[in-house]
Amino acid sequence: MTLVMVVPTAISLNGLDEQNLTVLTEFILMGITDHPELQALFFGLFLIIYTVSVVGNLGMIILTKVDSRLQTPMYFFLRHLAFIDLGYSSAVAPKMLVNFVADQNTIPYNWCATQLAFFILFIISELFNLSAMAYDRYVAICNPLLYTIVMSQRVCWGLITIPYVYSACLSLIITIKIFMASFCGHNVIRHFYCDSLPLLTLLCSSTRDIELIILIFSAFNLISSLLIVLVSYILILMAILRMNSAEGRHKAFSTCGSHLTVVVVLYVTLFFMYVQPKSSHSFDTDKIASIFYTLIIPMLNPMIYSLRNKEVKGALHRIWKNLHKPPV
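It should be emphasised that the depicted structure is a prediction, and the values quoted were computed from it without experimental measurement.

Rules and cut-offs
- Residues numbered from 1 in each chain as written.
- Predicted model: local features only at pLDDT ≥ 70, side-chain atom pairs only at ≥ 80, totals over all residues.
- Heavy atoms only, no water.
- Helix = DSSP H or I, 4+ residues; strand = E, 2+ residues; numbered from the N terminus.
- Buried < 20%, exposed > 50% of the residue type's maximum accessible area, 1.4 Å probe, protein only.
- Contact = heavy atoms within 4.5 Å.
- Areas by Shrake-Rupley, 256 points an atom, 1.4 Å probe, with all protein chains shown as cover.
- Patch = residues over 30% accessible without salt bridge, like charges linked within 9 Å, V, L, I, M, F, W, Y side chains within 5 Å.
- Salt bridge = Lys/Arg side-chain N within 4 Å of Asp/Glu carboxyl O.
- Axes fitted to C-alpha atoms, helices over the stretch in contact; angles between N-to-C directions.
- Parallel < 35°, antiparallel > 145°, perpendicular 65-115°, else oblique.
- Left-handed = near helix turned anticlockwise from the far one by under 90°.
- Nonpolar A, V, L, I, M, F, W, Y, C, P; charged D, E, K, R; others polar.
- Pairing = 2+ DSSP bridges.
- Polar contact = N/O pair within 3.5 Å; in protein donor to acceptor, adjacent residues only side chain to side chain.
- Expected span 1.5 Å × (residues − 1).
- Bend = angle between axes of the 7 residues up to and from the residue.

S.K.: How would you summarise the overall build of the protein chain if you had to cite specific residues and measurements?
M.R.: Tallying secondary structure elements over the protein chain gives 10 helices and 5 strands in all. For the protein chain, buried positions account for 48% of its 328 residues. Once local pairs closer than 6 in sequence are excluded, the contacts in the protein chain between residues at least 24 apart make up 76%. Summed over its atoms, the accessible surface of the protein chain is roughly 17300 Å², and 69% of this surface lies on carbon and sulfur atoms.

As structure tokens, then:
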């Protein structure tokens with residue numbers, strides 16, 4: 001059974017019928033499930049997950065901004081990680097939740113392009129922000145005396161701004177290349193949001209150039225960011241093993257534990273989705289992986305950093321005490 005269809009909102013171009021060209025005004029999203037009895041259950045579940053994610057990430061942004069003891073490079077990058085997580089989960093979740101209760105799971109053509117652009121922007125930014133956080137931990141543990149000099153405010157802003165600019169440029173290139181191509185009226189996306197791979201299957205023009213761009217830059221983004229993380233942690237491990245103090249080793253491991261947990265969860269999910277053999281590639285498995293890194297990971301990250309980090313727990317405790325302090 002084919003999932004490609006033309007809806008009445010695909011407007012035919014006069015005089016070009018022989019080329020079978022149409023102008024799309026919207027896409028149909030197949031969603032997470034085609035079982036109506038599960039819609040209400042999934043709506044409630046993902047509403048809770050998204051709400052926890054928004055509260056957790058907004059809380060982390062506010063906490064690392066207002067608490068005077070969290071004004072260090074590590075928490076500067078953590079604040080941007082929370083902003084990025086909030087960004088790409090919000091690019092996907094609200095529309096997904098609406099589609100659970102809507103009669104027809106449609107998304108306007110321009111909204112689809114916007115959703116794709118923002119999702120690519122934030123997911124690439126996350127990879128390089130995690131790399132910057134790994135480098136920050138390397139400097140803090142391996143060169144503690146030079147830490148404040150090496151990780152100056154100017155360097156921190158450079159490490160976060162350059163990936164944002166790079167991600168925005170790449171996002172625009174991929175989005176424009178896809179939406180400048182011809183869909184020929186095919187408008188059913190086998191996913192719950194507008195992602196590049198499902199959209200490519202709808203194109204009736206050649207997708208070779210777009211696929212090559214996505215393949216090259218996906219490989220570069222994943223491998224280069226992961227390489228920075230691996231090299232940083234190998235050097236950190238060597239430095240920790242040279243420490244004589246057991247307390248020093250424990251403290252060094254504890255400062256890296258939260259970040260390492262986040263890195264492992266994200267990269268395992270991305271490699272599962274993008275580095276699987278083509279013969280075993282399935283949009284159903286893609287949906288599961290996509291749910292994990294668009295909704296579950298943004299919810300987990302604030303929990304990981306708050307539960308495993310004494311400074312964050314201390315900041316939360318101080319704010320809680322101030323809020324409940326009796327008036328003078």
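S.K.: Quick rundown of a nonpolar patch on the surface? Include the residues and the values.
M.R.: Nonpolar side chains collect at one region of the surface, where Leu 227, Leu 230, Val 231, Ile 234, Leu 235 and Met 238 lie side by side and expose about 530 Å² of accessible area between them. Within the secondary structure, Leu 235 is located in helix 7 (residues 208-241).

S.K.: Talk me through the packing of helix 3 (residues 109-142) against helix 5 (residues 153-180); I want residue IDs and the actual numbers.
M.R.: When two helices pack together, their arrangement is given by the angle between their axes and by how far apart the axes lie. Between helix 3 and helix 5, the shortest axis-to-axis distance is 8 Å and the interhelical angle comes to 150°. Here helix 3 is positioned roughly antiparallel relative to helix 5, judged by the angle of their axes. When the axes of helix 3 and helix 5 are compared, the crossing they make is right-handed. When its residues are assigned to classes, the contact of helix 3 with helix 5 shows 22 nonpolar, 5 polar and no charged.

S.K.: With reference to specific residues and values, describe the sheet that holds strand 5 (residues 188-189).
M.R.: Sheet strands associate in pairs through backbone hydrogen bonding, adopting either a parallel or an antiparallel arrangement. With mixed pairing, 3 strands are arranged side by side in an open sheet as 4-3-5. Looking along the sheet, the strands with just one partner apiece sit at the ends: strand 4 (106-108) and strand 5. With 2 bridges connecting them, strand 3 (residues 26-29) and strand 5 associate as parallel partners. Of the residues in strand 5, the one forming a bridge with Ile 28 is Val 188. The sheet contacts of helix 3 involve strand 3, strand 4 and strand 5, and relative to strand 4 the element is tilted by about 85°.

S.K.: Account for the pairing of strand 3, naming residues and giving values.
M.R.: The alternating pattern of strand 3 places Glu 26 and Ile 28 and Phe 27 and Leu 29 on opposite faces, both of which are buried. Pairing geometry for strand 3 and strand 4, over 3 bridges, is antiparallel. In the strand pairing of strand 4, Ile 28 is matched with Thr 106.

S.K.: Before we move on, could you go through the side chain of Thr 294 and cite the residues and values that matter?
M.R.: Looking at the secondary structure, you find Thr 294 in helix 9 (residues 283-307). Reaching out from Thr 294, the side chain makes a polar contact with the backbone oxygen of Ser 290 at a distance of 2.5 Å. In contact with Thr 294, not counting residues within four places along its chain, are Tyr 88, Ser 89, Val 92, Phe 119, Phe 192 and Tyr 193.

S.K.: Break down the side chain of Asn 57 for me, citing the residues and quoting the values.
M.R.: Within the secondary structure, Asn 57 is located in helix 1 (residues 39-66). Among the polar contacts listed, one links the side chain of Asn 57 to the backbone oxygen of Pro 298, at a separation of 2.9 Å. Setting aside chain neighbours within four positions, we find Asn 57 in contact with Ala 82, Asp 85, Leu 86, Pro 298 and Pro 302.

S.K.: Explain the environment of Thr 207 residue by residue, including any values.
M.R.: Relative to the elements of secondary structure, Thr 207 occurs in the loop between helix 6 (196-200) and helix 7. A relative accessible area of 14% means that Thr 207 is categorised as buried. Note: C-alpha distance between Thr 207 and Ala 181 (26 residues apart in sequence) is 8.4 Å.

S.K.: Which residues make up helix 3, and what values do they have?
M.R.: For helix 3, built from 34 residues, the straight-helix expectation of 50 Å at 1.5 Å per residue is met to within 8% by its first-to-last C-alpha distance of 50 Å. Helix 3 sits mainly inside the fold: 26 of its 34 residues count as buried.

S.K.: Residues and numbers for the pattern of salt bridges, please.
M.R.: Counting across every chain of the model gives 1 salt bridge. Here Arg 137 and Asp 136 are joined by a salt bridge, their closest N and O atoms 2.9 Å apart.

S.K.: Pulling in residues and values, what's your account of helix 2 (residues 73-101)?
M.R.: Here helix 2 contains 29 residues, and its C-alpha end-to-end distance of 43 Å stays within 8% of the 42 Å for a straight helix at 1.5 Å per residue. By the largest-angle criterion, Ser 90 marks the main kink of helix 2, which is about 35°, and a proline, Pro 94, follows within four residues. Across the 29 residues that make up helix 2, a large majority, 24, are buried.

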